[in-house]
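Structural description and commentary
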Amino acid sequence: MSGTSAALQPPADAVKPVRHPDAPAPGELLGAHYGQCFGCGDEQAHGLHLQARAGEGVSITAEFTVQAAHQGAPGLAHGGVLATALDETLGSLNWLLRTIAVTGRLETDFVRPVPVGTVLHLEAEVTAVAGRKIYCTATGRIGGPEGPVAVRADALFIEVKVDHFIDHGREEEIQAAMSDPDQVRRARAFEVNP
């Protein structure tokens, strides 16, 4: 990525990321971490409905189709929607580490326009971990997984405790998520929100 800030450069003592032994297997569809999530939730009418799959190591592939509701300029995806797709994909990486983390910094390069109706193919990977800091990178391509790069991002996620969400979220949604009898869905609801 051109012009990546110093804040997104891992320190010299950063370590290579290690996939958690209980992480989803490569190729496994991750599903929505929370039904109301704009990025991946299936309960959001105009959301991205991003579909992420576990990759090899600590990597993710994902796709989403740009809909008319996602446009900024006539017929083209809004840059904020594209940044959201990158952020959602990058955040999904934390499920492979089995870590609750939030976006601390996201730097995005917009390389080419993405027309409505396009399937954006995303790839992301964790590049380093230093204490609570998780460094990662992602690209979004059009025309297929090997197509031209349309967007790319570098990000820094910060590991947090579930109290972060309890202290800052709306009580009704927090209680509903914490009451979910499905233990995996309950844990995943709190995995990537800022």
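The structure this text deals with has already been given above.
Residues numbered from 1 in each chain as written. Predicted model: local features only at pLDDT ≥ 70, side-chain atom pairs only at ≥ 80, totals over all residues. Heavy atoms only, no water.

Broken down by element type, the protein carries four helices and six strands. Ordered by position from the N terminus, the helices and strands of the protein form the series β-β-α-β-β-β-β-α-α-α. The buried share of the protein, reckoned over its 194 residues, is 43%. A sequence separation of at least 24 residues applies to 66% of the contacts in the protein between residues at least 6 apart. (Helix = DSSP H or I, 4+ residues; strand = E, 2+ residues; numbered from the N terminus. Buried < 20%, exposed > 50% of the residue type's maximum accessible area, 1.4 Å probe, protein only. Contact = heavy atoms within 4.5 Å.)

Before going further, it helps to spend a moment on the nonpolar core. Phe64, Leu90, Leu120, Leu122 and Val126 are the most contacted members of the largest nonpolar core, which totals 37 residues. Residue assignment for this core shows that the elements contributing at least two residues are strand E1 (51–54), strand E2 (59–65), helix H1 (79–97), strand E4 (119–130), strand E5 (133–142) and strand E6 (149–159). Leave out the neighbours within four places in its chain, and Val126 touches Pro17, Val58, Leu93, Leu97, Ile134, Tyr135 and Cys136. Counting six residues, the second largest nonpolar core, distinct from the first, contains Leu8, Ala128, Ala130 and Tyr135. (Core = buried A, V, L, I, M, F, W, Y, C linked by side-chain atoms within 4.5 Å.)

Further remarks concern the sheet that holds E4. Read across the sheet, six strands follow the order E1-E2-E4-E5-E6-E3 without closing on themselves; strand pairing throughout is antiparallel. With partners counted over all chains shown, the strands left at the sheet margins are E1 and strand E3 (101–110), one partner each. Across this sheet, the average inter-strand angle for adjacent strands is 20 degrees, counted without regard to direction. Looking at chain direction, E2 and E4 are connected through seven bridges and run antiparallel. (Pairing = 2+ DSSP bridges. Axes fitted to C-alpha atoms, helices over the stretch in contact; angles between N-to-C directions.)

This part is about the pairing of E4. Judged from the ten bridges that link them, E4 and E5 form a sheet pairing that is antiparallel. The residue bridging Ala124 from the neighbouring strand is Ala138, located in E5. Turn length for the E4-E5 hairpin, with the two strands adjacent in sequence and antiparallel, is two residues, and the turn residue Gly131 shows positive phi of about 65 degrees.

Turning our eyes to something else, we now look at the environment of Ala128. Note on placement: Ala128 falls in strand E4. Each C-alpha atom of the pair Ala128 and Pro17 lies 5.4 Å from the other, and the pair is 111 residues apart in sequence. Those residues within four positions of Ala128 in sequence are excluded, and the remaining contacts are Pro10, Ala14, Val15, Pro17, Lys133, Ile134 and Tyr135.

Once that is clear, we can look at the pattern of salt bridges. Under the definition given, this model contains two salt bridges. Across the pair Arg105 and Glu107 runs a salt bridge whose closest N-O atoms are separated by 2.9 Å. Residue classification places Glu107 among the buried residues on the basis of a relative accessible area of 14%. Between Asp109 and Arg152 there is a salt bridge, with the nearest N and O atoms lying 3.6 Å from each other. Residue Asp109 is found in strand E3, and its partner Arg152 is found in strand E6; the two are separated by 43 residues along the sequence. (Salt bridge = Lys/Arg side-chain N within 4 Å of Asp/Glu carboxyl O.)

We describe a pair of aromatic rings using the distance from one ring centre to the other and the angle between the two ring planes. Inspection of the entire model under this criterion finds zero aromatic pairs. Above the face of the Trp95 ring, Arg98 is positioned so that its terminal group lies 4.4 Å from the ring centre. (Phe/Tyr/Trp six-rings, centres within 6.5 Å; stacked < 30°, edge-to-face > 60°. Lys NZ or Arg CZ within 6 Å of the ring centre and 35° of its normal.)

With that out of the way, let us pick up unusual backbone geometry. Even without being glycine, Arg98 reaches a positive phi, approximately 55 degrees. Within the element layout of this structure, Arg98 appears in the loop between H1 and E3.

In this section: the environment of Glu56. Within the secondary structure layout, Glu56 lies in the loop between E1 and E2. Counting along the chain gives 31 residues from Glu56 to Ala25, while the straight-line C-alpha distance between them is 8.3 Å. In this structure, Glu56 is in contact with Arg19 and Pro26, ignoring residues within four places of it in sequence.

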